[in-house]
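# Reading the structure
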Amino acid sequence: MKNVTIAAAIAAFVLASPAMAQETGDFSGVKATAIAGYDNIDVGITGVDNVEGFLYGGTLGYDIQSGNVVYGAELEATESTGKISTTGGRIEAGRDLYAGGRLGYVLGGSTLLYAKAGYTNARVSYPGIGGENGDGIRVGAGIEYKLSENMFARGEYRYSNYEAGVSRNQGLISLGMKF
């Protein structure tokens with residue numbers, strides 16, 4: 001229930017703020033995005049299934065459009081509901097922080113195809129024992145579609161590779177606002 005409440009609050013903020021948006025016809029500007037999707041983590045332990053769960057969080061970024069090319073930077077914080085029990089105990093996916101850039105190409109004026117890459121740091125917990133942070137890299141690709149001058153939707157796939165053989169595959173959708 002806590003996860004649904006957080007996601008609803010982010011969505012309400014994004015949808016209730018059109019007065020703060022600036023009127024521009026391109027993809028340039030400050031953006032805030034609410035994220036939701038599928039999370040699959042390979043913890044790198046032989047004989048242990050992947051940890052699967054619901055991914056949710058938010059992104060803040062800034063894009064600049066020059067002709068049909070868009071480039072920008074993003075900061076992101078997400079959480080996952082992924083948990084799995086093994087003979088050695090329970091494994092829980094935790095928060096994931098990301099900082100990176102993206103480069104895209106505008107098609108037809110309202111659609112942006114993009115690729116992204118950057119640094120990511122994720123937390124995996126072992127209840128009763130502790131947890132570990134893992135540094136890694138993330139690469140991804142997606143499509144962003146303008147719903148209006150200030151609202152947009154995204155679909156994205158991304159892959160993250162962390163220390164100690166841990167990797168993560170995520171598929172997500174998001175709704176955002178350009179300010």
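Our structure's up above, just so we're on the same page.
Report follows, based on the coordinates. The model shown is predicted, which means the values in this text are computed figures rather than measured ones. (Residues numbered from 1 in each chain as written. Predicted model: local features only at pLDDT ≥ 70, side-chain atom pairs only at ≥ 80, totals over all residues. Heavy atoms only, no water.)

### Digging into the pattern of salt bridges
Considering all chains together, one arrives at 15 salt bridges under this definition. Glu 76 serves as the salt-bridge partner of Arg 138, at 3.2 Å between the closest nitrogen and oxygen. Taken together, the residues span a long stretch of sequence, with Arg 138 in strand β7 (residues 130-146) and Glu 76 in strand β3 (residues 69-80) at a distance of 62 residues. One exposure class covers both Arg 138 and Glu 76, and it is buried. In this structure, Glu 92 engages Arg 90 in a salt bridge whose closest nitrogen and oxygen atoms are separated by 3.1 Å. The exposure class assigned to Arg 90 is partly exposed, which follows from its relative accessible area of 36%. (Salt bridge = Lys/Arg side-chain N within 4 Å of Asp/Glu carboxyl O. Helix = DSSP H or I, 4+ residues; strand = E, 2+ residues; numbered from the N terminus. Buried < 20%, exposed > 50% of the residue type's maximum accessible area, 1.4 Å probe, protein only.)

### Quick look at empty space enclosed by the protein
In total, this model carries two cavities of 30 Å³ or more according to the counting rule given. Considering only enclosed or pocket space, the largest cavity measures out at about 50 Å³ in volume. Every element with two or more residues in the lining of the largest cavity is listed here: β7 and β8 (151-162). Tallied by class, the residues present in the lining of the largest cavity amount to three nonpolar, two polar and six charged. Elements with a minimum of two residues in the lining of the second largest cavity: β1 (29-42), β3, β8 and β9 (167-178). Sort the elements by how many residues they give to the lining of the second largest cavity and β8 lands first, with three residues. (1 Å grid on protein atoms, 1.4 Å probe; cavity = no way out; pocket = protein on both sides within 12 Å on 5 of 7 lines; lining within 4 Å. Points joined across faces, edges and corners; volume = space filled by probe spheres on them. Nonpolar A, V, L, I, M, F, W, Y, C, P; charged D, E, K, R; others polar.)

Keep in mind these numbers describe shape, not what the thing actually does.
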